[in-house]
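# Summary of structural features
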Amino acid sequence: MKIKYILEHEEKNTKARLGKIETNYGTFETPMFMPVGTEATVKTLSVEELKDVKAGIILANTYHLWLRPGEDIIAKAGGLHEFMKWDGPILTDSGGFQVFSLAKPKDISEEGVKFKNHLNGDNLLLTPEKSIEIQNKLDSDIAMSFDECIGWPASYEYCKQSVERTLRWAKRGKDVFNNDRQSLFGIVQGGEYEDLRKYCTEELVKMDFDGYSIGGTSVGEDKPTMYKMVRYATKYLPQGKVRYLMGVGDPIDIVENVCRGIDIFDCVSPTRLARHGHYLTKFGKYNIKNAKNKDDFSCLDSNCDCYTCKKGYSKAYIRHLINAGETLGARLLSIHNIRYLIRLTEELREAIKNDSLLAYREQFIKDYYGDKGLPYKQNLDEIIN
């Protein structure tokens, strides 16, 4: 069965949407945050722990799984769900972001992208057809079209050429897509240019994908530019299909982009922050390595319902683990950080349901940033209109 999106309520003051995604593994409410399991695992966490933090859909990385263990091994195991023993839905990306990070402009052609294997230096060629073939074999619930993800800033001329290429690649991928259990999403590109975002969105909608992603954000741009990129796409997307903002996980970006009509998010940030000793709370991001935590025997957040906080693991103990290089420290912080972002989307859903999202946003900003204030200039008109 392909996924089905059900729009249940539109918040009266913003573009925010309350919805549900029906999958082969159950129905999940949106907006939602998806933990990232790059190598068929969310770093340091078991699938049982992912269930405990109330993860809905998780993301796996096509490029990395192609290199190891290989899509044929995973197919032989019975697909990605059986391979990693996860009985929830999985979304796989297309490898487009790895193109952005590993390839040089001269290596991008109409055929696809040539770049070097980051593990052994071998020359690789990833094409739209190959990306879809890999994802079909991985047997994820949601597959992504192969796109060209470009950095910021980029000239209008290059963005225009890139959009045309992304559209041609999207069609080529859709033409060879052959997994009836899988849904395929198109990816909107176009940089910071509204006419290109509009054109790319409208052309993808004509191709009738099962859902739509917004790409080309979190690639160096400032926050107001990101929010414009999102708005330029969502205003032209169909109401009855899922909207996925790729690679975005800063708490304020989740709040702001829910206001702009986004349904699902993913990012490696909660586990990456954890490995470096950072943890998220209602009142901001903190560093567990701070000396004041040396003899602080309170939990990370007394209002948090994650395993780490409910069991009462202290800041002093987790600080010791992180400083000693013990994996348990990163694991406990990862559990907490992922649960924080998922709980944030739960609170956003409640605010949408009650048509109180602007009030929630205002209180979130006061709590999270305090006297520091927002890291960007506010523009409420963008959210409301």
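Conventions and cut-offs
Residues numbered from 1 in each chain as written. Predicted model: local features only at pLDDT ≥ 70, side-chain atom pairs only at ≥ 80, totals over all residues. Heavy atoms only, no water. Pairing = 2+ DSSP bridges. Helix = DSSP H or I, 4+ residues; strand = E, 2+ residues; numbered from the N terminus. Axes fitted to C-alpha atoms, helices over the stretch in contact; angles between N-to-C directions. Contact = heavy atoms within 4.5 Å. Phe/Tyr/Trp six-rings, centres within 6.5 Å; stacked < 30°, edge-to-face > 60°. Buried < 20%, exposed > 50% of the residue type's maximum accessible area, 1.4 Å probe, protein only. Parallel < 35°, antiparallel > 145°, perpendicular 65-115°, else oblique. Nonpolar A, V, L, I, M, F, W, Y, C, P; charged D, E, K, R; others polar.

What follows concerns the sheet that holds strand β2 (residues 17–23). With respect to topology, three strands assemble into an open sheet ordered β1-β2-β3, the strand pairing being antiparallel. With partners counted over all chains shown, the strands left at the sheet margins are β1 (4–10) and β3 (26–30), one partner each. Across the sheet, the axes of successive neighbouring strands diverge by a mean angle of 20 degrees, strand direction being ignored. Across the sheet, helix α14 (residues 327–353) lies against β1, β2 and β3, angled at about 125 degrees from β2, the strand it touches most.

Let's shift gears to the packing of aromatic side chains. Taken as a whole, this structure holds 10 aromatic pairs when the rule is applied. Here Y63 and F115 contribute two aromatic rings whose centre-to-centre distance is 5.7 Å and whose plane-to-plane angle is 40 degrees, an arrangement assigned as tilted. Within this pair, whereas Y63 is found in helix α2 (residues 62–67), its partner F115 is found in strand β7 (residues 113–116), the two being separated by 52 residues in sequence. Across this residue pair, the class does not change: Y63 and F115 are buried. Between Y368 and Y369 the ring centres are 5.1 Å apart and the planes differ by 70 degrees, which places this aromatic pair in the edge-to-face class. For Y368, a relative accessible area of 7% gives the class buried. Aromatic ring contacts, followed pair by pair, group Y307, Y313 and Y317 into a single cluster.

This part covers the environment of K54. Mapped onto the elements, K54 comes out in the loop between α1 (47–52) and β5 (58–60). Along the primary structure K54 and R339 are separated by 285 residues, whereas in three dimensions their C-alpha atoms are 7.4 Å apart. Leave out the neighbours within four places in its chain, and K54 touches R339, I342 and E346.

Before going further, it helps to spend a moment on unusual backbone geometry. The amide bond that connects R68 to the next residue, P69, takes the cis arrangement and shows omega of 5 degrees. The omega angle of the peptide bond from W152 to P153 is 0 degrees, so this bond is cis rather than trans. In this structure, P153 sits in the loop between β9 (142–144) and α7 (156–176). Here the phi dihedral of D208 falls at roughly 60 degrees; this positive angle occurs in a residue that is not glycine. By the secondary structure assignment, D208 is in the loop between α8 (194–207) and β11 (211–214).

Turning our attention to the packing of α7 against α8. At a minimum axis distance of 10 Å, the contact between α7 and α8 shows a crossing angle of 10 degrees. By the angle between their directions, the pair α7 and α8 is classed as roughly parallel. Note on element contacts: α8 touches α7 through D195, L196, Y199, C200, E203, L204 and M207, opposite Y156, C159, K160, V163, E164, L167, A170, K171 and K174. Grouping the constituent residues of the contact of α7 with α8 by class yields 10 nonpolar, no polar and six charged.

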